[in-house]
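Residues per chain, in single letters:
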Amino acid sequence: MSKLADILEFNRKFVENKEYEPYVTDKFPNKKIVVVSCMDTRLVELLPKAMNLKNGDVKLIKNAGAIVTMPFGNIMRSILVALYELNAEEVFVIGHHGCGMTGLNAQSVIDKMRQAGIQQEVFDTLVHSGIELERWLVGFDNVSESVKKSVGIIKNHPLLPPGTAVHGLIIHPRTGALDLVVNGYEPE
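Residues numbered from 1 in each chain as written. Predicted model: local features only at pLDDT ≥ 70, side-chain atom pairs only at ≥ 80, totals over all residues. Heavy atoms only, no water.

Section: a nonpolar patch on the surface
Item 1. Judged by side-chain polarity, Val15, Tyr20 and Val24 come together as a nonpolar surface patch covering roughly 270 Å² of accessible area.
Item 2. Judged by its relative accessible area of 43%, valine 15 falls in the partly exposed class. (Patch = residues over 30% accessible without salt bridge, like charges linked within 9 Å, V, L, I, M, F, W, Y side chains within 5 Å. Areas by Shrake-Rupley, 256 points an atom, 1.4 Å probe, with all protein chains shown as cover. Salt bridge = Lys/Arg side-chain N within 4 Å of Asp/Glu carboxyl O. Buried < 20%, exposed > 50% of the residue type's maximum accessible area, 1.4 Å probe, protein only.)

Overview of the sheet that holds strand S3 (residues 90-96)
Item 1. What the five strands build is an open sheet, ordered S2-S1-S3-S4-S5; its pairing is mixed. Since the sheet does not close on itself, it has two edges, and those belong to strand S2 (58-63) and strand S5 (178-182), each with one partner. Going from strand to strand, the sheet's axes swing by 25 degrees on average, the running direction of each strand aside.
Item 2. With four bridges joining them, strand S4 (residues 165-171) and S5 adopt antiparallel strand pairing. (Pairing = 2+ DSSP bridges. Helix = DSSP H or I, 4+ residues; strand = E, 2+ residues; numbered from the N terminus. Axes fitted to C-alpha atoms, helices over the stretch in contact; angles between N-to-C directions.)

Details of the pairing of S2
Item 1. Relative to S2, strand S1 (residues 33-38) runs parallel, the two being bridged by six bridges. Across the sheet, valine 36 pairs through a bridge with isoleucine 61, a residue of S2.
Item 2. As for the winding sense of the linkage, the β-α-β connection from S1 through helix H2 (residues 43-50) to S2 is right-handed. (Right-handed = clockwise from strand over helix to strand, strands pointing away.)

Topic: the pattern of salt bridges
Item 1. Applying the stated criterion across every chain, the model contains seven salt bridges.
Item 2. Residue glutamate 9 is joined to lysine 13 by a salt bridge in which the shortest nitrogen-to-oxygen separation is 3.5 Å. Of this pair, glutamate 9 and lysine 13 are both found in helix H1 (residues 3-16), four residues apart, which corresponds to roughly one turn of the helix.
Item 3. On the accessibility criterion, lysine 13 (40% relative accessible area) is partly exposed.
Item 4. Notably, a salt bridge pairs arginine 42 with aspartate 40, separated by 2.8 Å at the nearest N-O pair.
Item 5. Given the relative accessible area of 38%, arginine 42 is considered partly exposed.
Item 6. Overall, aspartate 40 belongs to the buried group, its relative accessible area being 14%.

Overview of the packing of aromatic side chains
How two aromatic rings sit relative to each other is given by the distance of their centres and the angle of their planes.
Item 1. Under the counting rule described, the total for this entry stands at one aromatic pair.
Item 2. Look at phenylalanine 10 and phenylalanine 14: their rings are 6.2 Å apart centre to centre, the planes differ by 25 degrees, and that puts the pair in the stacked class. Placement of the pair is phenylalanine 10 and phenylalanine 14 together in helix H1, with a separation of four residues, close to one helical turn.
Item 3. Note that arginine 114 overlies the ring of phenylalanine 123, its terminal NZ or CZ placed 4.5 Å from the centroid. (Phe/Tyr/Trp six-rings, centres within 6.5 Å; stacked < 30°, edge-to-face > 60°. Lys NZ or Arg CZ within 6 Å of the ring centre and 35° of its normal.)

Keep in mind that these numbers describe shape and distance, not what the molecule does.
Next up, the structure:
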């Protein structure tokens, strides 16, 4: 069976047996917070447990590295929608130790793209369109500095509701221990 077939078969039984019932909630986060976190597999269940979160408690936005790089990109748009439309009141940026974005080598990723069959003409088109893949695929050298930078981009966004607390934390992906990097309640 393919991965898709496995998932669809499991889902059919999940729905048929009404296993979804414990997860029924609405679209508004009970704890009124937005969490921006990494997509790391170690955090899928650990992060919510370590923060005492259950289904329906938060708006969870995940990407590679919990990085907010563009003030008017998808991550920031999602944060603003959660704050203005979905009753969230605070933002938590949560990086983690041992992140794959630490020291990410953009050229290595580009080389793997080539090996996977992406043609040179695609890269040329991107360059002529003003896309700098080396810049777009950038990671970070220090998770604490990355979290601070993302918090700063959010905190200084011209459309952020005044007074919104934006916190920065780092989670240990083995133990779930949280290190405070930025306390959004304290003045800058």
